[in-house]
Amino acid sequence: SVRRLSGREFFRLPALYALIVFTFPFALYKNLMYLLYVRSHGGYLVVFTDNAAVLQSAGPIARIVSVICVIALMIAYVLERRPRRLLLLVGLYFALAILDLLIGFRGKVFTELLTFWFIYNLKTGRRFALVPVLGIALFMNVVAVGIAAYREDNRIKIISPAGFLAGEGISLNVTEAAIEFHSRFSKHGISYITGGFAAGISPLPSNDEGRLWSTDLTIFLNPMAAKLGFGTASSYLAELYLFAGLPAVILGSIAIGYCLSALHNISSTNGGAIILALVLPSLIYLPRLELLNPVSTLIKSMVACAVIWLFAICHRWADDVIRWRHARHLVGGEA
C-alpha cells in the first residue's frame, strides 16, 4: 500500500482534482497545437529554427494554464495514496506525454517518467533494483532511436545503445570543447551562466552573442547546421570551466552535491517531496543542461504553485459556504 508522506499539506486533493479537470483540456490543446505546427512546418527542427512561432501556435493562455495543469498533476501524484487514483494521474500524464514524444521531446518525457517512478518509490519505501533499471534503460534507448527517426523524417539505421549514442553524441564532447577553446569562449563565462538562467525562465530564442554556450558552440563548429536547427547541448561542467576554470568545477560540483543532499533530507515531508518532484527532471538532465536551469525551473514552478495554492484556498472557501448553506437549510427544514 502507498504510504502518506509526513508534513503539513498546503494543497487539498479535491481542489487539485478540480483544477486538473479545468486545466487539462488547455494542456492537451497546447500539445496538440505544437504537434500540428511542427509536423506541418518541416518537423522537429522547427522548434529551434522558429521557436517563437511554435509557442505562438498555442497562444499564451494555453501555455500558462498548461504549466499549472502539469504541476497540479505532479503535486496530486505526490499527495495521493489511492492506487487507482495514482493510475489515473499517470494516465492523464501519458495522454500529454504521447503528444510530446510525437513532437520529439524525448528528454523531457523520459526524465518526467523517471521522476514519477522515483516519487512512487519514495512513497512506498522501495529501492531501485538493478535489473529493472537496466531493462528500462534499454527500452528507452530503443524508443529514443525510433522517436529521433520519426521527428527528423529519417530511416532507422541502428536500434541499439550504440545507435542511440551515434545519433545523440555525448556531453563529454561539449566539455572537451570548453577545454579546447577555453581562450575563445571564457570571456562569456558569466553570461553563459546568467543566460542559461534567463533561458530557463523565458525560452524565446536570442541572437545575442554569449547568451548560451550551446548556441555559441554550435555556430562555431558548424554555422550551416545551426541555421538548420541542429545543435549541441550545454553542460554544467563546461559552463563552470568557462566561468573560472578547474576551481569553479570543484566548488560548483560540491555545491550541487550539497543541494542534492538537502533535497534528500527534505523529501520525507509533503512539501519537500513536491519540491523534489518539480526539480528532479532538470537535475536528471543537468549534464546536458545549463547550470542554473534547475533554479529557473523551481522559480517558475513556485509561481505556478502559488496560483494553485490560491485556487485551493478559494475552493475551500466555496466548499465551506456550500456546507454552511446546506446546514442552514437542514436546520430551517427541521424548524
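Above this text you will find the structure in question.
In this text the structure is predicted, and so the values were computed from the model without any measurement. (Residues numbered from 1 in each chain as written. Predicted model: local features only at pLDDT ≥ 70, side-chain atom pairs only at ≥ 80, totals over all residues. Heavy atoms only, no water.)

A. Focus on the side chain of Asp100. Looking at the secondary structure, you find Asp100 in helix 5 (residues 83-103). For Asp100, a relative accessible area of 5% gives the class buried. In this structure Asp100 touches Asn31, Phe105, Lys108 and Val109, once residues within four positions along its chain are discounted. (Helix = DSSP H or I, 4+ residues; strand = E, 2+ residues; numbered from the N terminus. Buried < 20%, exposed > 50% of the residue type's maximum accessible area, 1.4 Å probe, protein only. Contact = heavy atoms within 4.5 Å.)

B. Highlighting helix 12 (residues 213-221). Residues of helix 12 that are buried: Trp213, Ser214, Asp216, Leu217 and Thr218. Summarising the contacts, the buried residues of helix 12 are in contact with helix 9 (171-180), helix 10 (182-185), helix 11 (189-201), helix 13 (223-228) and helix 14 (236-266).

C. Geometry of the side chain of Asn51. Here Asn51 shows up in helix 3 (residues 51-56). Take Asn51: its relative accessible area is 14%, and that puts it in the buried class. Within the structure, Asn51 has its side chain in polar contact with the backbone oxygen of Val47 (distance 3.1 Å). (Polar contact = N/O pair within 3.5 Å; in protein donor to acceptor, adjacent residues only side chain to side chain.)

D. Highlighting the environment of Met74. Residue placement: Met74 occurs in helix 4 (residues 60-79). As a C-alpha pair, Met74 and Glu112 span 38 residues in sequence and 9.6 Å in three-dimensional space. Setting aside its immediate chain neighbours within four residues, Met74 contacts Thr115, Phe116, Ala277 and Leu278.

E. Structural context of the packing of aromatic side chains. Summed over the entire model, instances satisfying the criterion amount to 10 aromatic pairs. Ring geometry for Phe185 versus Trp213: centroids 5.1 Å apart, planes at 80°, classification edge-to-face. Residue Phe185 is found in helix 10, and its partner Trp213 is found in helix 12; the two are separated by 28 residues along the sequence. You can call Phe185 buried: its relative accessible area is 5%. Given a relative accessible area of 0%, Trp213 falls into the buried group. Taken together, Phe181, Phe185, Tyr192, Trp213 and Phe220 form an aromatic cluster joined through their ring pairs. For Arg85, the ring lying beneath its charged end belongs to Tyr17, and the centroid distance is 5.2 Å. The ring of Phe185 has Arg184 lying over it, and the distance from NZ or CZ to the ring centre is 5.9 Å. (Phe/Tyr/Trp six-rings, centres within 6.5 Å; stacked < 30°, edge-to-face > 60°. Lys NZ or Arg CZ within 6 Å of the ring centre and 35° of its normal.)

F. Geometry of the pattern of salt bridges. What the rule picks out here adds up to 2 salt bridges. Lys108 is the salt-bridge partner of Asp100, the closest N and O atoms lying 3.2 Å from each other. Lys108 sits in the partly exposed class, given a relative accessible area of 35%. (Salt bridge = Lys/Arg side-chain N within 4 Å of Asp/Glu carboxyl O.)

G. Geometry of a nonpolar patch on the surface. Residues Leu246, Ile250, Leu251, Ile254 and Tyr258 make up a contiguous nonpolar surface patch of roughly 560 Å² in combined accessible area. Overall, the relative accessible area of 46% leaves Ile250 in the partly exposed class. (Patch = residues over 30% accessible without salt bridge, like charges linked within 9 Å, V, L, I, M, F, W, Y side chains within 5 Å. Areas by Shrake-Rupley, 256 points an atom, 1.4 Å probe, with all protein chains shown as cover.)

H. Region of interest: the packing of helix 11 against helix 14. Their axes nearest at 7 Å, the elements helix 11 and helix 14 cross at an angle of 140°. The pairing of helix 11 with helix 14 is recorded here as oblique in orientation. Taken as a pair, helix 11 and helix 14 cross one another with a handedness that is left-handed. Across from Gly189, Ile190, Tyr192 and Ile193 in helix 11, the residues of helix 14 making contact are Glu239, Leu242 and Phe243. Of the residues in the contact of helix 11 with helix 14, the class split is 5 nonpolar, 1 polar and 1 charged. (Axes fitted to C-alpha atoms, helices over the stretch in contact; angles between N-to-C directions. Parallel < 35°, antiparallel > 145°, perpendicular 65-115°, else oblique. Left-handed = near helix turned anticlockwise from the far one by under 90°. Nonpolar A, V, L, I, M, F, W, Y, C, P; charged D, E, K, R; others polar.)

I. Molecular detail of the environment of Glu112. Structurally, Glu112 can be placed in helix 6 (residues 106-124). Along the primary structure Glu112 and Leu280 are separated by 168 residues, whereas in three dimensions their C-alpha atoms are 8.0 Å apart. Beyond its immediate sequence surroundings of up to four residues, Glu112 is in contact with Tyr93 and Pro281. Side-chain polar atoms of Glu112 contact the side chain of Tyr93, separated by 2.8 Å.

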